[in-house]
Structures are given as structure tokens and as C-alpha cells.
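Read off the chains here:
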Amino acid sequence: MPDAGKLRLGVNIDHVATVRNARGGAYPDPLRAAKLAEEAGADGITAHLREDRRHISDADIDGLMDVLTVPLNFEMAATDEMQRIALRHRPHAVCIVPEKREEKTTEGGLEVAREENRLAHFIAPLREAGCRVSIFIAADMRQIEAAHRIGAQVIELHTGAYCDAHAEGRFDDRDAELERMREMSALAHSLGLEVHAGHGLTYETVKPVAAFPEVMELNIGHFLIGEAIFRGLTPAIAEMRRLMDEARA
Ligand code: PXP
């Protein structure tokens, strides 16, 4: 069994940049949010440099690499441009996500099984550069086995379907998705993959996922940045941390 005590919280700061970019200036600064998150107990910072730069900018990534004392989890699509940027910075972790220009957020997991060859070649230099490579996927056996075959060290399970079902009151679907994630966490762990999870998690949905003993890290952004409006970023993170620890106890 994995070390069930240790569950890391990665705080995703993309949407601090979304608010900043709404006015085109420098405020609020995602780097300031990242440092505050660090002080509030975040174990890592996650940022997604999208192809269209709709939130995080190249300068934000430069700044995060300079100022962070906790690891940066750099989310990116599997493109040559992003690979060049990652190889220049060599962040602690790189999380490969699917990206579509028209989507509001990362809507589904990466299709690894159909792109095994290309992705195996794509991640090899990132691994050689010392980055831990994580693949963002749905709780699907085919995708997990493919992620293992291409040499990824980590999978991040997409919790969006579970969270959407909860928010829409489709509790049977929610519970079925939770069960799928539970089984797939165990499968991934048995293959030697480290398991992370994230997307759409809130105070209401975090605990059942945090309770999976194989899950070592949760990456949470939109809800925490939203909640920061009402109670401030530090208390918002502290409450998430408390719920995660409670679920794990
Ligand atoms: N993990 C991954 C791989 C993501 O793409 C995202 C969203 O950028 C998150 C976690 C965080 O999702 P949310 O902002 O909904 O908490």
C-alpha cells in the first residue's frame, strides 16, 4: 500500500491571471498569489501555459521559476513550442494535457492510447531533462496502461466528470465515476505510476478523492481562487488542506 499519510496540495494559479488579463494590466499578480499559496501550505504550484496565452503568460512562467521555493507543475499541451519552453526551464514536473482552442477549460483527458508512439517520443527528452512527466487522463484502463507504456512517471486523473455529476445532482453518475477512479487509482499504482487527481474539485467534492490511498497529490485552482474572493486565499487554502487531512486520517 502507498504511504496513505502524505497527500500534497498543488495550487493552480491560472485564474489569478484570468482576472489580471481581464484588464490587460499587471494586477492581480499570479506570482504574488503563488508566494501566498506557498506560505499558506501549498506543496506545489501549478500553472498552465496555454497555446493562446489566455491566462498564464510566458513571463509568468519565467517569474515562477525564479521565485518559487516549492515545485512548479508546468501544465502544457504536447506541442513542439511547449516542449521547447519546458526544456528551457526544466520545471520539477510537466503535466501533459489536451488542449482545444474553443474549450473553456481542459474538458477531457489526453488520448494516450491512440498517440502512443508520438507521445513516447515527445516525453523522452522531458524525462531526460529531469522533469517528472505526468499525463492528465480519464479514469480509463486503456489510457492508464498506455501512459505506463510510454514511460510517464505520473498520471493525473481527471475529476471533472465526478465534480460535474455532483454539481448537477446526478448522484448515481457521481458515485459510479468515483468508483471508476478508485479502481483506476489502484490499477495505476500497481503499475508503478504515481497517482494525482484534479479538476473542478471543491470543498464538497474533495474528500472522497483525497481518501484514495494511492492518490499522492491533488491539483486545485478555480474553486480556490473563487473562494479567495469571499474569505481570502490563505483561509481558502487552509480549509482545503483541513478537509484533505480529515479525509486522509
Ligand atoms: N489539473 C489539471 C491537469 C488541469 O488542467 C487543471 C485545470 O487547469 C486542474 C488540475 C485544476 O482544475 P480546477 O482549476 O478546476 O481546480
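Nothing here was measured: the structure is a model prediction, and the numbers come from that model. (Residues numbered from 1 in each chain as written. Predicted model: local features only at pLDDT ≥ 70, side-chain atom pairs only at ≥ 80, totals over all residues. Heavy atoms only, no water.)

Colleague: If you had to explain the layout of surface pockets to someone new, which residues and values would you point to?
Modeller: Estimated volume of the largest pocket: approximately 680 Å³. As for the largest pocket, its lining consists of 32 residues, and the residues nearest its centre are His 15, Thr 105, His 199, Gly 200 and His 222. Where the lining of the largest pocket is concerned, the elements lending two or more residues are α1 (14-23), β6 (154-158), α7 (160-167), β8 (215-220) and α10 (222-231). Broken down by element, the residue count for the lining of the largest pocket peaks at 4 residues, all from α7. Grouping the amino acids of the lining of the largest pocket by side-chain chemistry returns 8 nonpolar, 16 polar and 8 charged. Taken as a whole, the second largest pocket holds about 410 Å³ of empty space. Lining the second largest pocket are 16 residues, with Val 16, Pro 28, Ala 33, Ile 225 and Ala 228 sitting closest to its centre. (1 Å grid on protein atoms, 1.4 Å probe; cavity = no way out; pocket = protein on both sides within 12 Å on 5 of 7 lines; lining within 4 Å. Points joined across faces, edges and corners; volume = space filled by probe spheres on them. Helix = DSSP H or I, 4+ residues; strand = E, 2+ residues; numbered from the N terminus. Nonpolar A, V, L, I, M, F, W, Y, C, P; charged D, E, K, R; others polar.)

Colleague: Which residues make up the UniProt feature "binding site: 1-deoxy-D-xylulose 5-phosphate" (unreviewed entry) in the protein chain, and what values go with them?
Modeller: Per the UniProt entry, the sites bearing "binding site: 1-deoxy-D-xylulose 5-phosphate" (unreviewed entry) are Asp 14, His 15, Arg 50, His 55 and Thr 105 in this numbering. Across 92 residues in sequence, these annotated residues keep their C-alpha atoms within 12.4 Å of one another, forming a single compact spot. Lining the largest pocket, from the residues named above, are Asp 14, His 15, Arg 50, His 55 and Thr 105. Considering the arrangement of structural elements, one finds Asp 14 in helix α1. Classification of Asp 14 by relative accessible area gives buried; the value is 4%. In this view, Asp 14 contacts Thr 46, Ala 47, His 48, His 55 and Ile 56; residues no more than four positions away in its chain are not counted. With near-sequence residues (within four places) excluded, His 15 lies in contact with His 55, His 222 and Ile 225. (UniProt positions renumbered as here; feature names shortened; annotations may be inferred. Buried < 20%, exposed > 50% of the residue type's maximum accessible area, 1.4 Å probe, protein only. Contact = heavy atoms within 4.5 Å.)

Colleague: Can you tell me about the nonpolar core, naming the residues and giving the values?
Modeller: Ile 45, Leu 64, Ile 96, Ile 135 and Leu 218 are the most contacted members of the largest nonpolar core, which totals 75 residues. With 7 residues, helix α11 (residues 233-248) is the single largest residue contributor to this core. Each residue touching Ile 45, except ones within four places of it in the same chain, is listed here: Val 11, Ile 13, Ala 34, Ala 37, Leu 64, Leu 68, Val 70, Pro 71, Leu 72 and Asn 73. (Core = buried A, V, L, I, M, F, W, Y, C linked by side-chain atoms within 4.5 Å.)

Colleague: Can you tell me about helix α8 (residues 171-190), naming the residues and giving the values?
Modeller: End to end, α8 covers 29 Å across 20 residues, agreeing with the expected 28 Å (1.5 Å per residue, within 8%). Contacts from the buried residues of α8 go to α6 (141-150), β6, α7, β7 (194-198), α9 (206-210) and β8. Immediately downstream of α8, the backbone of Gly 192 shows phi near 95°, a positive value. (Expected span 1.5 Å × (residues − 1).)

Colleague: Outline the environment of Phe 171, listing residues and values.
Modeller: Within the secondary structure, Phe 171 sits in helix α8. With 36 residues separating them along the chain, Phe 171 and Ile 135 place their C-alpha atoms 27 Å apart.

Colleague: An account of helix α5 (residues 116-128) is requested, with residue identities and associated values reported.
Modeller: Because each turn of an α-helix spans 3.6 residues, side chains separated by three or four positions end up pointing in the same direction. Taking 1.5 Å per residue, 13 residues should reach 18 Å; α5 reaches 18 Å between its end C-alpha atoms and fits that length. All of the buried residues along α5 are Leu 119, Phe 122, Ile 123 and Leu 126. In this fold, the buried residues of α5 make contact with β3 (72-76), α4 (80-89), β4 (93-96), β5 (132-137) and α6. At the C-terminal side of α5, Gly 130 shows a positive phi close to 100°.

Colleague: Would you mind going over the sheet that holds strand β1 (residues 8-12) in detail, with residue names and values included?
Modeller: Strand order in the closed barrel formed by 8 strands is β1-β2-β3-β4-β5-β6-β7-β8, and the pairing between neighbours is parallel. The sheet shows a mean angle of 25° between the axes of neighbouring strands, direction not considered. Two elements, β3 and β4, share 4 bridges in a ladder whose sense is parallel. Bridging from a neighbouring strand, Glu 75 pairs with Cys 95 of β4. (Pairing = 2+ DSSP bridges. Axes fitted to C-alpha atoms, helices over the stretch in contact; angles between N-to-C directions.)

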